[in-house]
Amino acid sequence: MNSILSQLAHSALQDEKKAKWQAPSNIALIKYWGKLGPQIPANPSLSLTLSRSLSETTLICSPSERMEVSFEFEGENHPKFAQKIESFLVSLSTEWAFLKKIKFSIFSKNTFPHSAGIASSASGMAAFCLCLLDIIYQMNNLPKDELFYIRASHLSRLGSGSACRSLYGGLVEWGQSPVDQSYSDTHATPIKMSIHPEFSQLQDAILIVSSEEKPVSSREGHGRMGEHLFSSIRFSQAKSHFEQILKGLKTGDWTIVGPIIESEALSLHAMMMTSPEPYILLKPKTLELIQLIKHFREESRLPVYFTIDAGPNLHVIYPESVKAKVQTFLENEARPLVEAIIFDEEGHGPQVC
Ligand code: PMV
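Attention here is on the structure that accompanies the text. (Residues numbered from 1 in each chain as written. Predicted model: local features only at pLDDT ≥ 70, side-chain atom pairs only at ≥ 80, totals over all residues. Heavy atoms only, no water.)

### What about the site of the ligand?
Taken together, 14 residues form the shell around the ligand, and within it Ala-28, Tyr-32, Ser-162, Arg-165 and His-222 come nearest. Within the side chain of His-222, a nitrogen or oxygen atom sits 2.9 Å from an oxygen atom of the ligand. Relative to its unbound accessible area of 380 Å², the ligand is 93% covered by the protein chains. Classifying every residue of the shell around the ligand by side-chain character gives 5 nonpolar, 6 polar and 3 charged. (Near = heavy atom within 4 Å. Polar contact = N/O pair within 3.5 Å; in protein donor to acceptor, adjacent residues only side chain to side chain. Areas by Shrake-Rupley, 256 points an atom, 1.4 Å probe, with all protein chains shown as cover. Nonpolar A, V, L, I, M, F, W, Y, C, P; charged D, E, K, R; others polar.)

### Quick look at the pattern of salt bridges
In total, this model carries 11 salt bridges according to the counting rule given. Measuring nitrogen to oxygen at the nearest pair gives 3.5 Å for the salt bridge that ties Glu-345 to Arg-52. Within this pair, whereas Glu-345 is found in strand β13 (residues 340-345), its partner Arg-52 is found in strand β4 (residues 45-63), the two being separated by 293 residues in sequence. For Lys-109, the salt bridge is made with Glu-56, and the minimal N-O distance between the two is 3.9 Å. You can see Lys-109 sitting in strand β7 (residues 102-110) and its partner Glu-56 sitting in strand β4, a full 53 residues away along the chain. With a relative accessible area of 43%, Lys-109 lands in the partly exposed category. Through salt bridges with shared partners, a single ionic network connects Lys-20, Glu-56 and Lys-109. (Salt bridge = Lys/Arg side-chain N within 4 Å of Asp/Glu carboxyl O. Helix = DSSP H or I, 4+ residues; strand = E, 2+ residues; numbered from the N terminus. Buried < 20%, exposed > 50% of the residue type's maximum accessible area, 1.4 Å probe, protein only.)

### So, the packing of helix α8 (residues 284-300) against helix α9 (residues 323-334)
One way to put it is that α8 packs onto α9 with a least axis distance of 12 Å and a crossing angle of 140°. Taken together, the axis directions place α8 and α9 in an arrangement best described as oblique. The interaxial crossing formed by α8 with α9 has right-handed handedness. Contacts from Leu-289, Leu-292, Ile-293 and Phe-296 of α8 reach α9 at Lys-325, Val-326, Phe-329, Leu-330, Glu-333 and Ala-334. Residue composition of the contact of α8 with α9, grouped by class: 8 nonpolar, no polar and 2 charged. (Axes fitted to C-alpha atoms, helices over the stretch in contact; angles between N-to-C directions. Parallel < 35°, antiparallel > 145°, perpendicular 65-115°, else oblique. Left-handed = near helix turned anticlockwise from the far one by under 90°. Contact = heavy atoms within 4.5 Å.)

### Some remarks on the environment of Gln-201
Mapped onto the elements, Gln-201 comes out in the loop between β9 (188-190) and β10 (203-208). Along the chain, Gln-201 and Leu-48 lie 153 residues apart, while their C-alpha atoms are 9.7 Å from each other. A distance of 3.1 Å separates a polar atom in the side chain of Gln-201 from a polar atom in the side chain of Glu-345.

### Comments concerning helix α6 (residues 231-251)
Helix length check: α6, at 21 residues, gives a terminal C-alpha distance of 30 Å against a target of 30 Å (1.5 Å per residue), a fit within 8%. Considered for burial, the residues of α6 that qualify are Ser-231, Arg-234, Phe-235, Ala-238, His-241, Phe-242, Ile-245, Leu-246, Gly-248 and Leu-249. The arc that holds every buried residue of α6, seen down its axis, measures 160°, which confines them to one face. Counted as exposed and oriented over 90 degrees from the buried face of α6: Ile-233, Lys-247 and Thr-251. Where α6 is buried, its residues touch β1 (17-30), β4, β8 (171-174), α5 (218-225) and α7 (254-273). Residue Gly-252 follows α6 closely and has a positive phi angle near 80°. (Expected span 1.5 Å × (residues − 1). Arc of directions from axis to C-beta.)

### Thoughts on unusual backbone geometry
Phi is positive for Glu-74, close to 50°, though the residue is something other than glycine. Mapping Glu-74 onto the fold places it in the loop between β5 (68-73) and β6 (76-77). Even without being glycine, Arg-301 reaches a positive phi, approximately 60°.

Here is the structure:
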């Protein structure tokens, strides 16, 4: 655990406490794929916080003889999620011993299918960590100031790397970079420089090719980067993409930003396909949709680009100015190929409920 968290006073929980938070998902434009140490990213990443793809979580903590965790997901008991949260809490309890004497009752729901590459682990983990920290703050009578969000980002990162970026709205970065000395490996930071109006309120249409659970988890995927023949080249590529994309975002240049976004998505999946134990998360329909988007871009000359997370679904990224045209195109041409389309856009970050 990082000192910023262990600084918090930690006496035993005396009475029942409750917290409820909503946290958004985020889509990475520069991908985090591979770690240098425990939850330390090998390169800086950059994401867009979404507005409609959310997790809403209630946490009730009550004093208990031992740690107990129950997880109700969309009205049903979910032992797998309970297990995941329990392992996380056990890892935190080496510093926060008081966690060992709490019963954690968690109730959560998503506005999108989980484990389908829409970073549901990010919104879910961020929402849970906000609730946990909220209760710890209640125990310590602390105000929820700026440091609360930095701490929540730290905590979320320990649970699921990309979750640390879901603590802020807009464009968010995570990972050290020479671009700005304040960017950190241990928590995310909202992008500090001014972004060109062309990139304010970016749109993300999520084309759900499959909502099935993916066969290889992100945790496993990060692990396979450790022995990967191309890992150092990939990390250099991501660092350089990060520096270049910031220039494009500042000057409003889609010819810089768009190709980088697509290259990041394809490099991520190329890493999976060339890892020591290769695997493919893309589906034939994903490739069909990529061709569709490219063709539409060439024909219409509109700035419409795709990205993909660790799954088969396509995120179509475009400016607000072309929203109507792109939505009509996707309704007509993409809708017949997919399970669902979520028309999402830049969001403001988490909210207490
Ligand atoms: O946060 P994790 O461990 O689920 O990894 C997520 C990695 C990607 O979603 C593929 C990329 C990213 O930066 O979000």
